[in-house]
Amino acid sequence: MITCKNCGSQQADGNVFCDICGNRLEPQPQQIPPQAQQISTQPQQIPPQPQQIPPQAQQIPPQAQQIPPQPQQIPPQPQQIPPQPQQIPPQPQFNSKPAYAAAGGAAVKSAGNKKLPLIIAVCAAAIVVVLIVLAFVFLFKGGSNQSYLYFKDNALCVATGNNAGNEVSDRLTDSISDSSYNYKYKLSNDGSKIFYIDNDALYWNVTNDKKSAPTRIAYNVLNYNVDENGNNVLFLTNAYDLYKYDLGKDSKEKVSSNVSSGYDYDDSFNKIVFLSNDNVLYLINGNADKEKIDSDVSSWYANSDYTTFYYSKDGSFYKKNAGSDDKTKLVSDIYSICNVYPESGKFYYTKKNEIVVNYSDMVADDLAASDAQIKEPKEPEYPKRADYPDYPFFLDYDDDKKYDNAVKEYEKKVKEIDDAYDKAYKEYEKAYNQYWEDMDAYRAKQSRDELREEIKNNSTTITTFSLYYYNGTEEKLIDDNYDNSIWYRIGSDEGETPVFAYRRSAYTGESGAKLKLSEISSIYDIESKISDSSYSSTSDVGKFFVTEDKISELPSDIKGSIAVTNGGKTLYYALDEKTESSSNYSLYKADISGGSISDGVKISDSVSSLLMITDDGKAIYVNKSEGSTNSSSGYDLYIDDKLVDSDVYANYPVYYYDNALYYATDYSSTSQKATLKCYKSGESTKIKDDVSIYSVLTDGSVIFIYDYSITSMRGELYRYSGGNPEKIDDDVQSIIHINNDKIQIGVVY
């Protein structure tokens, strides 16, 4: 059996792709870097960070004392490790100016200011909403003949149009099977230059000259970024030194030392903002000296031109303009920042409330009056039998008759004594039983008195949360009973109307119906009551949606995640309307532009997983085909309520670009190949059978590997731009996905 490095499942020997997650498998155990991390849906005490940090960058430990490799390195050996073609982790990009945390933030700038759909995540999701907007590599301007990257003979190749690619790197030391494409390999906007990391060294090369050798920029590089023209590189070393490299001059200059991975920059690298490892926020503007914004910064945000900064410090949230010595404290005593709109200066945040609850306020003493009547009982005395008379002695009597009479008299007195004793004993038994009943009641009262004393002298502190909204001028309380652990906002678009979804806590901040003393046996019963009311996750506490500061209640039976699109004007949600014949959910959309939720319009009554809401407002989702038992295959693919195709393979990504949908069907677990198709203008077109890897480019073409061999771990590279696919190259190991914020991607998880 082969263990999938991505999901940990056991796969049959000979499998190239994991049947569970679609990851390309290793033929032999190897140390492969972990796959991209999944989106967290739990709230944090620091603001969420919409900009995704390349997971590999986070995994590289600081190596300040690492000795740079010498120029005379031993040539790396070819690595026959199968690539991982379809591992495109969901990476929602919501805000071009995200939050950065003091512990380390995003090292890669998100691209563009395009308005993207929002996603609001829900714990225990029944429907997974995956809106993937990948923006780690530099973006192309569209048009024809877009350049693209692939691996051949363990070297990096760049191709344009239908021409075979040029080899632009030496044979790579790093495994081509890791999932670090997004931060290791970048193309300039015009496709004329390639940048890549190999063995922690950063290189660049031109793409149109087969004889050109790569130029090494630096050793020990943690991450890097390229400016909009591809003429300058900004990179961070493992020693946390930030450098700027000029390709034309082949020279580098140190920007600053002690830079955390949470830095950002404009397209030309003229403005650079970073948080130092000792939590000082700096701005570098052109050739001017770096400007200190503030110290002890835990997280920060900036508007699009880096003229205004918002940041958390010592439990308060501040605003400061670049070039000014003055800062403005906007709000105090914050617990967490939920969502910030830096262009308008609006944001949602929470405050923590410490409520002291006296146990005496939680308990009604319904036994006080009766207990006042209970006294300590007195134990009854054990009865004593009277002394028996002496037995008559016959010599004391003159005749037998007198003696017989004396005996009878004796026996009578003995009986009287015994009868009296028996009567007294029965009365004693009754009194004794009553005594113990009274003693039990008395001891119970004593225990209650001790409990009363504990209740009188004890209290607890309950933590609750309040949700606030800052409208750019003042703070407004949204809800003083915010459930900090259920729903939270994970991203934003700077141009959108501020929106937020949350769940109300069951705890009201008041004791409510009191416990009766007769119902509890210890102080723990009170603590249990408080705990239940503080942390209850029952479904009847309510789910709410906020537009600015206007609150609307969501349907109580809403399931899974909800998505907000159209600049915060349209809401998508799923309701649990399952029947005996279907375990799917119903998908609705509603207008929220007026600050309230309109009646929902049903899009479909049979949705297994919502893949994405497209930028032009289409709902793309899958539904498990009737009778299908395969967890990955057998899905029906829909756009809104129109069936696109059946037997769709769920673990391959579904691309949406320029009103076209690209997807895979008829997947074979034996050959681990599928049929690649394109759906456009109401028609589905087969591109090619036996496809293992594919990627959509912004010129409207698709590149894919055909007839991939499990044995040689190579296949034929094709490009499709309508008509018949054109063969580009042979013996290709893998494709590097060119990510672009114009291309939306959905995967079933």
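Residues numbered from 1 in each chain as written. Predicted model: local features only at pLDDT ≥ 70, side-chain atom pairs only at ≥ 80, totals over all residues. Heavy atoms only, no water.

Chemist: Mind laying out the side chain of N339, listing which residues take part and the relevant values?
Modeler: Within the secondary structure, N339 sits in strand β25 (residues 336–341). Taking relative accessible area as the criterion, N339 reaches 5% and is therefore assigned buried. A distance of 2.8 Å separates polar atoms of two side chains, one belonging to N339 and the other to Y341. (Helix = DSSP H or I, 4+ residues; strand = E, 2+ residues; numbered from the N terminus. Buried < 20%, exposed > 50% of the residue type's maximum accessible area, 1.4 Å probe, protein only. Polar contact = N/O pair within 3.5 Å; in protein donor to acceptor, adjacent residues only side chain to side chain.)

Chemist: Talk me through the packing of aromatic side chains; I want residue IDs and the actual numbers.
Modeler: Counted by the stated rule, this structure contains 40 aromatic pairs. Consider the rings of Y382 and Y428, whose centres lie 5.0 Å apart with planes at 70°: the pair is edge-to-face. Pair noted here: Y382 is in the loop between α4 (368–372) and α5 (400–457) and Y428 is in helix α5, with a separation of 46 residues, a long-range link. For Y382, a relative accessible area of 48% gives the class partly exposed. We classify Y428 as buried; its relative accessible area is 13%. What links up through ring pairs into an aromatic cluster is the set Y301, Y310, F317, F347, Y349, Y468 and Y470. Above the plane of the ring of Y468 lies K351, whose end atom (NZ or CZ) is 4.8 Å from the centre. Stacked on the ring of Y718, the Lys or Arg K688 has its end atom at 5.0 Å from the ring centre. (Phe/Tyr/Trp six-rings, centres within 6.5 Å; stacked < 30°, edge-to-face > 60°. Lys NZ or Arg CZ within 6 Å of the ring centre and 35° of its normal.)

Chemist: Break down the confidence of the model for the chain for me, citing the residues and quoting the values.
Modeler: Mean pLDDT for the chain: 79, with 73% of residues reaching 70 or above. With pLDDT under 50 throughout, residues 28–98 is counted as low confidence; its partners more than four residues away or in other chains account for 225 contacts. Segment residues 103–143 is flagged for pLDDT under 50; beyond a separation of four residues in sequence, or across chains, it makes 198 contacts in the model. (pLDDT = per-residue confidence, 0-100. Contact = heavy atoms within 4.5 Å.)

Chemist: Please set out the side chain of N205 residue by residue, giving values where relevant.
Modeler: Topologically, N205 is positioned in strand β11 (residues 201–206). Here V168 takes part through its backbone oxygen, which lies 3.0 Å from a polar atom of the side chain of N205. Engagement of the side chain of N205 in a polar contact is seen with the side chain of S212, the distance being 2.6 Å.

Chemist: Describe unusual backbone geometry, with residues and values.
Modeler: The backbone of D200 sits at a positive phi, close to 70°, despite the residue not being glycine. Examined against the element boundaries, D200 turns out to sit in the loop between β10 (193–198) and β11. Even without glycine at this site, D314 takes up a positive phi of about 50°. Tracing the backbone shows D314 in the loop between β22 (308–313) and β23 (316–321). Accessibility expressed as a relative area gives 63% for D314, which makes it exposed.

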